[in-house]
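Each chain is listed here by its residues.
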Amino acid sequence: QELERVVRGSGLPLEKFRLALDIGCGSGSRTSQLRGLFPGLQKVVAIDNNASMLAAAREKIKAPWIDFRHLSMTELDKLPESDFDLAVSHCVLHW
């Protein structure tokens, strides 16, 4: 609910975002909520450095619009996509 409150109160044109990057997606619980918050999203590239968390995310979330990748936030230059409309990171700096 906190995420929804912040996003809806941001004043951003939520329907205009098409390609998002989720940095430190973990188990994907927040990743799976992004399309509900940003109705125009067509794809989310969700990255995490923890392989076991990514495995859990892939097992739990079967969404064709989410592309889970094993990648550190320090390796963003390895992403072939470079035209992200939106970047989110919920708790990555806490860990």
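Since the structure is predicted, the reported quantities are computational estimates derived from the model, not experimental observations. Residue indices begin from 1 for each chain and proceed along its sequence in written order. At least 70 in pLDDT is required for a residue's local features to be given in this predicted model, at least 80 for side-chain atom pairs to be given and counted, and no such filter applies to totals for whole chains, interfaces and linings, which use all residues. Remark: hydrogens and water are excluded; side-chain values derive from all non-hydrogen atoms of the structure.

Our next topic: the overall build of the protein chain. Along its length, the protein chain carries three helices and four strands. Only C-alpha atoms enter the radius of gyration; for comparison, a globular chain is expected to reach 2.2 Å times N to the power 0.38, where N is the number of residues. Against the compact-globule benchmark of 12 Å for 95 residues, the protein chain has a radius of gyration of 13 Å, which places it among compact chains. Summarising its shape, the C-alpha atoms of the protein chain cover approximately 35 × 30 × 25 Å along the three principal directions. Buried positions account for 37% of the 95 residues belonging to the protein chain. Only heavy atoms enter the contact rule, under which two residues are in contact if any of them lie within 4.5 Å. In the protein chain, the share of contacts with a sequence separation of at least 24, taken over all contacts with a separation of at least 6, comes to 58%. Here, Shrake-Rupley sampling with a 1.4 Å probe gives the accessible areas, and only protein chains in the shown set may cover a residue. For the protein chain, the exposed surface amounts to about 5900 Å²; the carbon and sulfur share of it is 53%. We score Asp and Glu as negative and Lys and Arg as positive, and we do not count His or the chain ends. Where a charge sits is defined by one atom per residue type, namely NZ (Lys), CZ (Arg), CG (Asp) or CD (Glu). In the protein chain, 12 side chains carry a positive charge and 12 a negative one; their mean positions are 4 Å apart. For helices the rule is a DSSP run of H or I covering at least 4 residues; for strands it is a run of E covering at least 2, with both sets numbered from the N terminus onward. Buried, partly exposed and exposed residues are distinguished by accessible area as a fraction of the type maximum, computed with a 1.4 Å probe on protein chains only: under 20%, between the cut-offs, and over 50%, respectively.

Our next topic: the environment of L3. Following the sequence through the fold, L3 ends up in helix α1 (residues 2–8). In the structure, L3 is positioned 37 residues away from G40 in sequence and 17 Å away in space, judged by C-alpha atoms.

We now examine the side chain of T31. Tracing the backbone through its elements, the reader meets T31 in the loop between β1 (19–23) and α2 (34–37). Classification of T31 by relative accessible area gives buried; the value is 0%. Counting of polar contacts relies on pairs of N or O atoms within 3.5 Å, with two restrictions inside protein: one atom must be capable of donating a hydrogen and the other of accepting it, and residues adjacent in sequence are counted only when both atoms are side-chain atoms. Looking at T31, its side chain comes within polar contact range of the side chain of D22, at 2.4 Å. Sequence-distant contacts of T31, that is, excluding residues within four places in its chain, are made with D22, C25, V44, A46, W65, I66 and F68.

Among buried residues, those of type Ala, Val, Leu, Ile, Met, Phe, Trp, Tyr and Cys that are joined through side-chain atoms within 4.5 Å constitute a nonpolar core. F38, L41, V44, I66 and F68 are the most contacted members of the largest nonpolar core, which totals 19 residues. If you list the elements that add at least two residues to this core, you get α2, β2 (43–48), α3 (51–60) and β3 (66–70). Sequence-distant contacts of V44, defined by excluding residues within four places in its chain, comprise A20, D22, T31, L34, W65, I66 and D67. Membership of the second largest hydrophobic core comes to seven residues, among which are L21, I23, V45 and L79.

Taking strand neighbours across the sheet as the criterion, the four strands line up as β3-β2-β1-β4 in an open arrangement whose pairing is parallel. The sheet is open, and its two borders are formed by β3 and β4 (86–88), each paired with just one other strand. On average, each strand axis in the sheet is inclined to that of its neighbour by 20 degrees, with strand direction left out of account. Across three bridges, the pairing between β1 and β4 is parallel. Within β4, the residue paired with A20 across the bridge is L86. Lying over the sheet, α3 contacts β2 and β3, oriented at roughly 160 degrees with respect to β3. At least two bridges found by DSSP between two strands are what make those strands a pair. Here the axes come from fitting lines to C-alpha atoms, over the contacting stretch only for helices, and the angles between their N-to-C directions go from 0 to 180 degrees.

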